[in-house]
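A look at the structure
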Amino acid sequence: LHSSRSRRCMSTSNPTHHLRRAKVHWRARARVHRCGSTMTTYASIADNLEACRQAYANSTNAQKAFTVPLFDEAAQHAERLDATPATRPAPALWGVPIAVKDIFDMHGHRTFNGRQSTRTVEPAESDAAVVSAIRRAGAVIVGRTHQTEMAFSATGYNPHYPQPHSPFGKGLMPGGSSSGSAVAVAEGAATVALGTDTGGSIRVPAAWCGVVGFKPTSGLISLEGVVPLAPSLDTCGFFARNVADCARMLSVCAPHLDTAEGTMKPTPRDVWDSESKSWAIPSPQNLRIACLEGTLTNDMDAPTEASYRAALDAMRGAGMSVEPLELPFFDEIMEAMRVIFYVEGAHSNLAIARDAEELAQVDETVRLRIVDGSAIPATEYVTALRTRARLQTAMSELTANVDAIVLPSVPVAPPDVAKCESDPNAMATAARMSSRNTRLSNVLNVPAISLPCHKVGAEFPAGLTVMGRTRGDGALLARATAIERVLLAL
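Rules of the game
- Residues numbered from 1 in each chain as written.
- Predicted model: local features only at pLDDT ≥ 70, side-chain atom pairs only at ≥ 80, totals over all residues.
- Heavy atoms only, no water.
- Helix = DSSP H or I, 4+ residues; strand = E, 2+ residues; numbered from the N terminus.
- Buried < 20%, exposed > 50% of the residue type's maximum accessible area, 1.4 Å probe, protein only.
- Areas by Shrake-Rupley, 256 points an atom, 1.4 Å probe, with all protein chains shown as cover.
- 1 Å grid on protein atoms, 1.4 Å probe; cavity = no way out; pocket = protein on both sides within 12 Å on 5 of 7 lines; lining within 4 Å.
- Points joined across faces, edges and corners; volume = space filled by probe spheres on them.
- Nonpolar A, V, L, I, M, F, W, Y, C, P; charged D, E, K, R; others polar.
- Phe/Tyr/Trp six-rings, centres within 6.5 Å; stacked < 30°, edge-to-face > 60°.
- Axes fitted to C-alpha atoms, helices over the stretch in contact; angles between N-to-C directions.
- Parallel < 35°, antiparallel > 145°, perpendicular 65-115°, else oblique.
- Left-handed = near helix turned anticlockwise from the far one by under 90°.
- Contact = heavy atoms within 4.5 Å.
- Salt bridge = Lys/Arg side-chain N within 4 Å of Asp/Glu carboxyl O.
- Expected span 1.5 Å × (residues − 1).
- Arc of directions from axis to C-beta.
- pLDDT = per-residue confidence, 0-100.

Some thoughts on the overall build of the chain
Across its full length, the chain holds 20 helices and 15 strands. Out of the 490 residues belonging to the chain, those deemed buried represent 60%. Accessible area for the chain stands at about 18,400 Å²; split by element, carbon and sulfur atoms hold 51% of it.

Remarks on empty space enclosed by the protein
The tally for this structure, following the rule as stated, stands at three cavities of 30 Å³ or more. Looking at the largest cavity, its volume works out to about 70 Å³. Contributing to the lining of the largest cavity are Ala151, Phe152, Ser153, Ala154, Thr198, Gly199, Gly200, Ser201, Phe341, Arg369, Ser435 and Arg439. Residue classes in the lining of the largest cavity are distributed as four nonpolar, six polar and two charged.

Overview of the packing of aromatic side chains
Summed over all chains, the structure comprises seven aromatic pairs. Their ring planes at 35° and their centres at 4.9 Å tell us that tyrosine 56 and phenylalanine 71 sit as a pair that is tilted. Taken together, the positions of tyrosine 56 in helix H4 (residues 45-57) and phenylalanine 71 in helix H6 (residues 71-83) put the pair 15 residues apart, joining distant regions of the chain. In terms of burial, tyrosine 56 and phenylalanine 71 fall into one category: buried. One aromatic cluster is present, formed by Tyr56, Phe66 and Phe71 through successive ring pairs.

Some remarks on unusual backbone geometry
Residue serine 177 follows glycine 176 across a cis peptide bond; omega there is 10°. Mapped onto the elements, serine 177 comes out in the loop between strand E5 (140-145) and helix H8 (179-186). Even without a glycine there, the phi angle at aspartate 299 is positive, about 65°. Within the secondary structure, aspartate 299 is located in the loop between strand E11 (288-293) and helix H11 (302-317). If you check the backbone angles, asparagine 445 has positive phi at about 55° while not being a glycine. Among the secondary structure elements, asparagine 445 is positioned in the loop between helix H19 (439-444) and strand E14 (448-452).

Description of the packing of helix H10 (residues 243-253) against helix H20 (residues 473-487)
Where H10 contacts H20, the axes come no closer than 9 Å and their chain directions differ by 165°. By the angle between their axes, H10 is roughly antiparallel relative to H20. Where H10 crosses over H20, the two elements pack in a sense that is left-handed. Counted together, Val243, Cys246, Ala247 and Leu250 of H10 and Asp473, Leu477, Ala480, Thr481 and Glu484 of H20 form the full contact between these two elements. Looking at the contact of H10 with H20, its residues break down into six nonpolar, one polar and two charged.

Focus on the layout of surface pockets
Reported here for the largest pocket is a volume of approximately 590 Å³. Lining the largest pocket are 24 residues, and of these Thr365, Arg369, Ala428, Ala431 and Arg432 lie nearest its centre. For the lining of the largest pocket, the secondary-structure elements that each account for two or more residues are helix H12 (330-348), helix H15 (364-374), helix H17 (417-422) and helix H18 (424-434). Taken together, the residues that form the lining of the largest pocket break down as 11 nonpolar, three polar and 10 charged.

A word on the pattern of salt bridges
Taken as a whole and assessed by the stated rule, the structure comprises 15 salt bridges. Ionic pairing is found between glutamate 305 and arginine 309, a salt bridge with its closest N-O pair at 3.6 Å. Separated by four residues within a single helix, glutamate 305 and arginine 309 lie in helix H11, roughly one turn from each other. Accessibility expressed as a relative area gives 28% for arginine 309, which makes it partly exposed. Note that arginine 338 is salt-bridged to glutamate 335, the shortest N-O span being 2.8 Å. Of this pair, arginine 338 and glutamate 335 are both found in helix H12, three residues apart, which corresponds to roughly one turn of the helix. Among the residues examined, arginine 338 registers a relative accessible area of 29% and is labelled partly exposed. Each member of the salt-bridge network shares a partner with another, and the members are Glu50, Arg53 and Asp72.

Side note on H4
An α-helix turns once per 3.6 residues; consequently, residues spaced three or four apart project the same way. For H4, spanning 13 residues, the distance from its first C-alpha to its last is 18 Å, which sits close to the expected 18 Å at 1.5 Å a residue. Those residues of H4 that sit buried are Ile45, Asn48, Leu49, Ala51, Cys52, Ala55 and Tyr56. Looking down the long axis of H4, one finds its buried residues gathered within 150° of arc, a one-sided arrangement.

Focus on the confidence of the model for the chain
On average, residues of the chain carry a pLDDT of 88, and 86% of them reach 70 or more. Note on residues 1-41: pLDDT under 50 across the span, and 128 contacts to partners over four residues away in sequence or across chains. Note on residues 258-269: pLDDT is under 50 here. Beyond four places in sequence and across chains, it has 25 contacts.

Laid out in structure tokens, this is it:
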């Protein structure tokens, strides 16, 4: 997705080899900084995997991130890859340790989707399409990861499994629903991880765990073999320690990314190299950024606001044009999202909604959403779909003259798990605030990526979301790389 000249600038090495690296002592590093540097090169795929295994073995939190660890199987796979004669070029994910959310089918494994593991579930007969894609590219799968029940909450809390937490503090919520995938990358037990995002399920845990989380345009990556939640909003995405690794994952999971096929049409301000088929990383002085204000920045807590404002100042200091923008139709967006999310989520779990005994076993936050969604009239759902289409056009027109939009990924720092468990109001607030900002890009169906924006030594993590245009995923990643470089200096 980038020219060779740009690739050399994105990290300490070419991204083809970048994903073959693992971070040492990432758990300690996560407390004081964020992704993008101090990676260690390993002599073999087996050594790379062993670093992830050690990170898993040395951290109780990393162990809780996995519902099914697969390091033994991964070690056998790594040995086979090391014994395979080298080819040039090597497959994009050759030997990369990857964690997979327990919402994706994997051949021979049961997909619980965050539900109780005592349930009778038949093993999957085949891999989900995206799992098959990363296997073909040489990935080594290290395990299946923790998530909120049915992926229907962004807190990261699931009473049916041991609870992982944010690496920034024992007992802090990790964010969800793709909680385990974010924690696995943050703790160094995986180099990258697969997740899904319906209303923020990648970007919320990315922000609260201090890693990068990318939600592509919905429909860009196949969801075959993925348990649905809200099909018109669902998308597959990635956790990584930098934007370059997300770009590499996208190139594997959405191989049809090519302007010739009309998948991504560059605008006049985009720089597309037709020979290398890559997006050039823009100079900061050439970027026009809109920072969303109003409701999206209201009620920020002090640590998050300090990190967010410092990030904006750094971007301006680097030469980017950063101007405030308010959305006149924010309330309409949120109401359309609520109706679509709840109705489709209830329909996807219709059998549970109609079984009082089974519904009673579901986590309270998730249960209430299923009940609420079941009660919404069809007329409201149809109206919400029409509103969504209208607002997508309105947003496109409103932001036609900017290159990217930024906003706080989550307006608050991760809350305490114990407090949320003991106080229903605290849990309800965490559920509401965690995905308030992230839902915007799902309704608009634009790609969005959360970048760590807290300073070195910060007590709490914070994320800066960068949003692009529908199917402009490559251009977004190029611009996010330019912003990432600025944020790494904080």
